[in-house]
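Given next are the chains, with one letter for each unit.
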Amino acid sequence: IDTLQRESDMTCDEGGSASSSSCCIMDVVVPSTSTASATMEECVIQELVTTERSYLSELESIMEHYVHPLERSDLQAQLHPSLRGRSDLIFGNLREIVELHANFVLPELLGAGSCPAMVSRAILNHRYKFFDHYRKYCQHKQANEALRKQLSDSSSVLLECQRRAGHLLPLSAYLLKPVQRITKYQLLLRELERHCRPEARESVSEAHRQMLELLAQINAAINNLHISGFNGDFRLMGTLRLQTEADVFTFSRKKSARRPMRAQRRHIFLFDGGVIFCKRRTSLPAVEQHEYYEHKLLIPIQFLGFSEQCRQLASSSRFELWDSSKADGYSIEPVDPKERIRWMDRLGGEDTRSQQRPKSWTSVLSTESSSSSGGSGGETPSAMDRNGNKPDIECGPSSVECRLSPEEIRSLPISVSAEQLVNT
C-alpha cells in the first residue's frame, strides 16, 4: 500500500489531476443533524460515480489519441524500432483496464443508484479482475516509464498526439491515473462506511476491507516480495492479508515478571498460513533489488495466539502475538496506530474464525486464558534467542509438512499473489 500511495502522491508533482468533481466530500455543508448521514451518503456515492466517469473518460482519451495512432501502420517508421507494434511497452495493459471499467464497473455503479449496498457490490463483483489487471499494470509501470523516457520523450509522434488530444498535462501524468484510482476506492468506501445507513454498513465494510487487502497484495507484487532466509514454500502460506511495520518487544510468557526486551523494528506479514517477522534491508548483494526482507521468525497459523491487550504495559497502541508451542510472546506496536485496529479486525474476523484455528485464535483471550495457554505442559528449552532471530523450529518444507495434515494443507488457499511470492 505504501508503494502505491507514494505513486499516487506524485500527482501534484506531475501537474495535478486533470479531472474535477462536482461534489467535494470535505466541502459539503449539511442542513441539520437528522439529515447529515443521508446527505453525506449521497455525496460520497456521487463522488464515486463522478470520479469513475471522469477516470474512464481520461483513459479512453489516452486510447484514442495515443494508443490507436501508435498502432497505425503508416506511423511505424517514425517510431523507435523497439516500439514498433509494441504499444504495450509504454501503455502496459491499459486496454484491459479500460474494457473492465467501460463494460462492467461504471455501468454497474450507475445501475446501483443511491443504494450503498449495491454500490459496494458493484466494486466487489470485480475484485479479482481488479487484482489481475492492476497488478500487471503496476508491476510494469516503472519499466514502461523508463523506456518511454529513454526512447520517446522527444518523439514528434507523441508530441503530436498530445497536441491533438488537447492535453495540458504530459503523458506521464495520465499514465499515473490507474495507480491513483485503485488507491482511491478504499478511501471513498471508508467515507461511505462512516456515513451510510445502518442496514448497509456491513456490505460497505466488507467492500472496504476487501479493497484494503487488494492493495496489500498489489503492493507485494510491485515490490516482488523477497524474504531472504525463508526456507519454506510461500505457496503453503496462502494469501497475504496484512503487512505492517512495527516495534516488536519480546517477553517470556512463562515468567510472572515479564520485563520485555528493548524494541526491535520489524516488518510483519500476515498470511493465511501464518505470521512472518522480517527485518527490512536496503540492498541485496549480487541481486538487482533495492529492498528486501530478512526472515527472522515464523508463527504457523495453527500455533498463533493473540490478544487485543498488552499485559505488561497498559497501551492502546499495542497488541500481542505468540506461538503457543514456545515460551516467548511479542508485544506489537505498529508505527501507524491505525494498523492495530486492522490487525484486530482481521484476527477476530468471521472469515478467520470460519477456518481451522486454535482456541486462542477464535476469540480475544483474557489474561487468565492467555497465561494458561502459554503455561500448559512442562517448559521446553527454546533454541530461539529472545530477539526472535533464530527460531527453534525449522522453516523448511519438511517441517511444515509434519505439522500440517493433508486436509489442512488442502484448506490453505493458494492465490495468484502467493505464487508470485515464491523465493526464487
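Residues numbered from 1 in each chain as written. Predicted model: local features only at pLDDT ≥ 70, side-chain atom pairs only at ≥ 80, totals over all residues. Heavy atoms only, no water.

In the annotation of an unreviewed UniProt entry, the chain is listed under the name DH domain-containing protein and assigned to Pristionchus mayeri.

Q: Could you give me a rundown of the nonpolar core, with the residues and numbers involved?
A: Residues Phe91, Phe130 and Ile182 are the most contacted members of the largest nonpolar core, which totals 54 residues. Tallying contributions element by element places helix H2 (residues 33–70) first for this core, with 12 residues. Leave out the neighbours within four places in its chain, and isoleucine 182 touches Phe130, Tyr134, Met211, Leu214, Leu215 and Ile218. Residues Ile268, Leu304, Leu321 and Met344 belong to the second largest nonpolar core, which totals 19 residues. (Core = buried A, V, L, I, M, F, W, Y, C linked by side-chain atoms within 4.5 Å. Buried < 20%, exposed > 50% of the residue type's maximum accessible area, 1.4 Å probe, protein only. Helix = DSSP H or I, 4+ residues; strand = E, 2+ residues; numbered from the N terminus. Contact = heavy atoms within 4.5 Å.)

Q: Quick rundown of the packing of aromatic side chains? Include the residues and the values.
A: Inspection of the entire model under this criterion finds 7 aromatic pairs. For the pair phenylalanine 130 and tyrosine 185, a centre-to-centre distance of 5.4 Å together with 50° between the ring planes defines the contact as tilted. Taken as a pair, phenylalanine 130 in helix H6 (residues 127–151) and tyrosine 185 in helix H9 (residues 177–195) lie far apart in primary sequence, 55 residues in all. Here phenylalanine 130 matches tyrosine 185 in class, with each residue buried. An aromatic cluster is present here, built from Phe130, Tyr134 and Tyr185 joined pairwise through their rings. Its end group placed over the ring of tyrosine 128, arginine 127 keeps NZ or CZ at 5.5 Å from the ring centre. For the cation-ring pair, lysine 129 lies above phenylalanine 104, with the distance from its terminal atom to the ring centre recorded as 4.2 Å. (Phe/Tyr/Trp six-rings, centres within 6.5 Å; stacked < 30°, edge-to-face > 60°. Lys NZ or Arg CZ within 6 Å of the ring centre and 35° of its normal.)

Q: Help me get a handle on the side chain of histidine 133, residues and values and all.
A: Structurally, histidine 133 is set in helix H6. With sequence-adjacent residues up to four places away left out, histidine 133 is seen in contact with Asn93, Glu96, Ile97 and Leu100.

Q: Quick one: what's the story with the sheet that holds strand S6 (residues 304–307), residue by residue and with numbers?
A: Spatial ordering of the open sheet is given by S1-S5-S4-S3-S2-S8-S7-S6, a layout of 8 strands whose pairing is mixed. The open sheet has two edge strands with one neighbour each: strand S1 (227–228) and S6. Note that strand S2 (residues 240–252) and strand S3 (residues 264–271) share 8 bridges and pair antiparallel. Considered in S3, the bridge of leucine 240 is made with phenylalanine 271. Each of S2, S3, strand S4 (274–281), S6, strand S7 (319–323) and strand S8 (328–334) touches helix H12 (residues 338–347); the most contacted strand, S2, lies at about 100° to it. (Pairing = 2+ DSSP bridges. Axes fitted to C-alpha atoms, helices over the stretch in contact; angles between N-to-C directions.)

Q: Could you give me a rundown of the pairing of S6, with the residues and numbers involved?
A: Residues Leu304 and Phe306 line one face of S6 and the alternating positions Gly305 and Ser307 line the opposite face, and both faces are buried. Examined bridge by bridge, S6 and S7 share 4 bridges and lie antiparallel to one another. Directly across from leucine 304, in S7, lies its bridge partner aspartate 323.

Q: Give me the lowdown on the pattern of salt bridges, citing residues and values where you can.
A: Scanning the model with the defined rule gives 22 salt bridges in all. Ionic pairing is found between arginine 181 and glutamate 52, a salt bridge with its closest N-O pair at 2.9 Å. Here glutamate 52 lies in helix H2 and arginine 181 lies in helix H9, a separation of 129 residues in the sequence. Note on accessibility: arginine 181 and glutamate 52 belong to one class, buried. (Salt bridge = Lys/Arg side-chain N within 4 Å of Asp/Glu carboxyl O.)

Q: Before we move on, can you summarise the environment of threonine 282 with the specific residues and values?
A: With respect to the helices and strands, threonine 282 occurs in the loop between S4 and strand S5 (292–300). Under the relative-accessibility criterion, threonine 282 is labelled exposed at 63%. Put simply, threonine 282 and tyrosine 293 are 11 residues apart on the chain and 8.5 Å apart in space, counted from C-alpha to C-alpha.

Q: I'd like a description of the pairing of S3, backed by residues and values.
A: For a regular strand, side chains alternate in direction, first toward one face of the sheet and then toward the other. Burial within S3 is extensive, with 7 of its 8 residues counted as buried. Across 5 bridges, the pairing between S3 and S4 is antiparallel. In the strand pairing of S4, histidine 267 is matched with cysteine 278. Hairpin connection between S3 and S4: a loop of 2 residues separates the two successive antiparallel strands.

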